[in-house]
Amino acid sequence: MDALMLDGNAAAGLLHEIFGSEMTTAVGTCDGCGAAGEVGAVRLYRGAGLAFRCPHCDNVLMKIVVGGERVWVDFRGLRALQLNS
Amino acid sequence: MEGTAVLGRLTWLAAEVVELRPETSQTKTITFDVPGWRGHRAGQHVDVRLTAADGYQAERSYSIASAADGPRIDLTVERLDDGEVSPYLTDELRTGDVIELRGPVGGYFVWNPHAEGTVFLVGGGSGIVPLMAMARQRALESSGIPTRLLYSARSWDDVIYRNELAELAARSDGFDVVYTLTRVQPAGWDGYGRRVDTDLLREVGPVPAELAVAFVCGPTPFVEAVASGLVELGHEPARIKTERFGPTGG
Amino acid sequence: MPPISRGFRGRRREDAPSDRVPPGQYVTDDFPVLSAGPTPHTPLDEWDLTITGEVDGLRRWTWDEFRALPSEPVTVDIHCVTKWSKLDSEWEGVSLDTLLEGVDTSAEYVVAFCDGGYTTNLPLDDLTEGKAWIAFAYDGEPLDPEHGGPARLLVPHLYFWKSAKWVRGLRLGATDEPGFWEQNGYHNYGDPWKEQRYWGD
C-alpha cells in the first residue's frame, strides 16, 4: 500500500474538463486482468502526469498528461469503457 | 440523472468568501457564494485554484461540507503546517476575497437517497467532511435511511462538527455516531480509544447482509486499513466506496 | 490570466539566482514525491543492474558488486517538469562512465527500465562524460524507496522524469524508443533550459 495513492475520484474535475461529462462512474475493464470497476475506484498516482492503475493487477489503465492547451490520454490499458447516461 | 446539475462544460468559477468560522484549532469552515452554482450531491468535491501575482498556481481538491444550499457552499479546511494551500485558506482569506473553484465533481462518492439497508460512514480526521455533507443532506431530505457514522479523530478537540453531530444523533431518526479517539481521551471517556481495526468495525458496523454501502474517507493509510478490514468481515468490495486523501489528509 | 488570489505567494523560494532556474520553474526546498505507480520493494539480494541490448556482452552487477564500484558525491540542481526545481541536491552514485567502461557498442540510444515497469529513453551521449549516475544515496542517507531507492538514474541536465526511479538496467539500441511518459505527451528529449516539456516544444 502506498500512502501516496489516491482514488480515480480525485481526478474527477480534470476528467470532467477533458471528457465533458462526469467520468468517475464510468465502468472500465482492465486489459490486463479483465476486472471491471468504476473509474472513481481505480488507483490514481501522480507522477509527471497522472497514471490510473487497476486495483486488482496494477496494470496502467490510463495515462493523462496536461500540457497547457493540449491534453494527451493513453487508454491502452482499458479494454472497454462503459459510459452510463 | 435526478437532482444533479448537468454541467456541460466544466469551467473555473469565481467564489467569494462570505463567512469564515473556526471549527477546531486546526480547521475552519469557509462559506463561499458561487454565482452560477447549479447544485451538488453530498460527497462531491471541488478543485480550488490559487494564482499568485506572478502567475504561479497551486491547485487542491476539497470536499464540499454543506448540503445543497442554492449558490452557497461550505468547505471545511484542515490547516496542514507544511501545506501550501491550506494555510492560505485558513489564515489569509477574508470575507470578500475571491478564489477560483471547479466543480462539483466526483459522482462516484455520493450520497444515494435510495440506498436499501444501512449506510456506514467511516471517517478519519478531515475525512469527516464529505461524510458530514451526507449527514446534512440526509437530514435536509428527512431521509430515514439507517446511517451510522464511525468517526476517528486524535482527540475530542479534533472532532469537527461536534455539536451538530450530537444534535443530528439526538433526533432519533436512524442516524447515530460512534467516536474513537486515538491519541488522547478526555477524563471519564468510555468510548473507543484506539485506531480503527477489524474488531472495532465488527462491533460498530452493520453485518454484510445489512450493509447498503460504506463510505470511507480520510488519509490513505486509514482508508486502506478500514477497507481491508471491511472486506475481511465479509463485506462486498463493490459496496465499499473510498476517498483517499493521500498521505497527510485533505 | 486567471484572477489573482489576494495575498497568495505559495511555498517557494524567491531568492534563488535566476541563472540557475530554467524558464517556468519555481524553486523549492522540499523534495516532492511523484510516482506513476506503487513503490517497489525489491530485496537487495534479488536486485541487479544490467546493461543489455546492442553491446558486446551483457554487463550485470549484483547489489554488492555495484556498491563495490567507485562512486562519487554529486551536487546538482534538479528540475521537474511539474515546475519545481531544487538547487544543490546532494547525491552519491556510480558514474555511467564507470558502468559503460569497456562496453563496445554502436548504439545511439538507451532505454532505462525499472522495477514496476517504468521506462524512459535518452540518447547514449546524454549519459556519458560525467552527465549521469546511478545514484544510491541522497542527502547523506541511503536513497529512500519513495525517492527511487535502492538506486535510481540521475541525469540532472534533463527534466527529472528522465531520472528514472528504481532503475534496473539500460538497454542500448540503434533506434529511439519513447518511454512511459514520452509516449504520452512529454517531450522526447526534455531540456529544461529550452523548456522542452511536451511534444513539439
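Keep in mind it's a predicted model, so treat the numbers as computed, not measured. In every chain, residue numbers begin from 1 and rise along the written sequence. Chain labels run from A onward and ligand labels from 1 onward, assigned in the order the entries are written. Thresholds applied to this predicted model are a pLDDT of at least 70 for local features of residues and 80 or more for the giving and counting of side-chain atom pairs; totals over whole chains, interfaces and linings are not thresholded and use all residues.

**Observations regarding unusual backbone geometry**
B:P104 follows B:G103 through a cis peptide bond whose omega is 5°. Numbering of helices and strands starts at the N terminus; helices are DSSP runs of H or I of at least 4 residues and strands are runs of E of at least 2. Tracing the backbone through its elements, the reader meets B:P104 in strand β6 (residues 98–105). A cis geometry characterises the amide bond from C:G149 onward to C:P150, with omega recorded as 15°. Here C:P150 is to be found in the loop between β9 (141–142) and β10 (152–154). Residue C:K83 is not a glycine yet carries a positive backbone phi of 95°. Summarising the element assignment, C:K83 is placed in the loop between β4 (72–79) and β5 (84–95).

**Quick word on the pairing of strand β4 (residues 43–46) of chain A**
All names here are of chain A. Here, strands pair whenever DSSP counts at least two bridges between them. Where strand β1 (residues 6–7) meets β4, two bridges bridge the pair, whose relative direction is antiparallel. By the bridge assignment for β4, L6 is matched with L44. In this sheet, strand β5 (residues 50–53) lies alongside β4 in antiparallel orientation, the contact comprising four bridges. From the neighbouring strand, L44 faces β5, where its bridge partner is F52. Taking the residues between adjacent antiparallel strands as the criterion, β4 and β5 are bridged by three residues.

**Looking at the environment of C:F180**
Residues and elements named next belong to chain C. Relative to the helices and strands, F180 resides in the segment after β11 (167–173). Field definition: a residue is buried when 20 or more other C-beta atoms are found within 10 Å of its C-beta, exposed when 12 or fewer are, and partly exposed for counts in between, with C-beta atoms placed from the backbone. Note on F180: 26 C-beta atoms within 10 Å, which makes it buried. Here the alpha-carbon distance between F180 and T119, two residues 61 residues apart in the chain, equals 5.2 Å. Not counting chain neighbours up to four residues away, the residues in contact with F180 comprise A36, Y118, T119 and T120. Residue pairs qualify as contacts under a 7 Å threshold applied to their C-beta atoms, which are placed from the backbone.

**Side note on the interface of chain C and chain A**
At the interface, 17 residues of chain C touch 16 residues of chain A. Gly is placed with the polar residues, together with every amino acid not listed as nonpolar (Ala, Val, Leu, Ile, Met, Phe, Trp, Tyr, Cys and Pro) or charged (Asp, Glu, Lys and Arg). Of the residues belonging to the side of chain C that touches chain A, the class tally is nine nonpolar, seven polar and one charged.

**Examining the environment of B:S228**
All names here are of chain B. Within the element layout of this structure, S228 appears in helix α5 (residues 220–232). Classification of S228 as partly exposed rests on a count of 14 C-beta atoms within 10 Å. The sequence separation of S228 and E23 amounts to 205 residues, and the corresponding C-alpha distance is 31 Å.

**Structural notes on the domain arrangement of chain B**
Residue and element names in this part refer to chain B. Splitting chain B by domain gives domain 1 (13–105) and domain 2 (118–244). These domain boundaries are the output of an automatic or database domain assignment. For domain 1 and domain 2, the distance between their C-alpha centres works out to 24 Å. Tallying the contact residues gives 15 residues for domain 1 and 14 residues for domain 2. Its residues placed into classes, the side of domain 1 that touches domain 2 shows five nonpolar, eight polar and two charged.

**Regarding the sheet that holds strand β2 (residues 27–33) of chain B**
Ordered in space as β4-β3-β6-β1-β2-β5 (chain B), the six strands form an open sheet in which the pairing is antiparallel. Both outer strands of the open sheet, β4 (57–63) and β5 (72–78) of chain B, are each paired with one neighbouring strand and no more. For this sheet, the mean inter-axis angle between neighbouring strands, taken without regard to orientation, is 40°. Inspection of the sheet shows strand β1 (residues 13–22) of chain B paired to β6(B) by four bridges, in the antiparallel sense. When the bridges of β6(B) are listed, B:A15 appears paired with B:I99. Across the face of the sheet, helix α1 (residues 12–19) of chain A comes into contact with β3 (45–51) and β6 of chain B while running at roughly 80° to β6(B). Every axis corresponds to a line fitted to the C-alpha atoms, with the helix fit spanning only the stretch in contact, and the corresponding angles, defined between N-to-C directions, vary from 0 to 180 degrees.

**Overview of the sheet that holds β11(C)**
Residues and elements named next belong to chain C. A sheet is described by the order of its strands in space; here five strands give the open sequence β3-β2-β11-β6-β7, paired in mixed fashion. Of all strands in the sheet, those with a lone pairing partner are β3 (59–62) and β7 (119–123), marking the two edges. Neighbour to neighbour, the strand axes of the sheet diverge by 15° on average, direction disregarded. In this structure, strand β6 (residues 109–114) lies alongside β7, joined through five bridges in antiparallel fashion.

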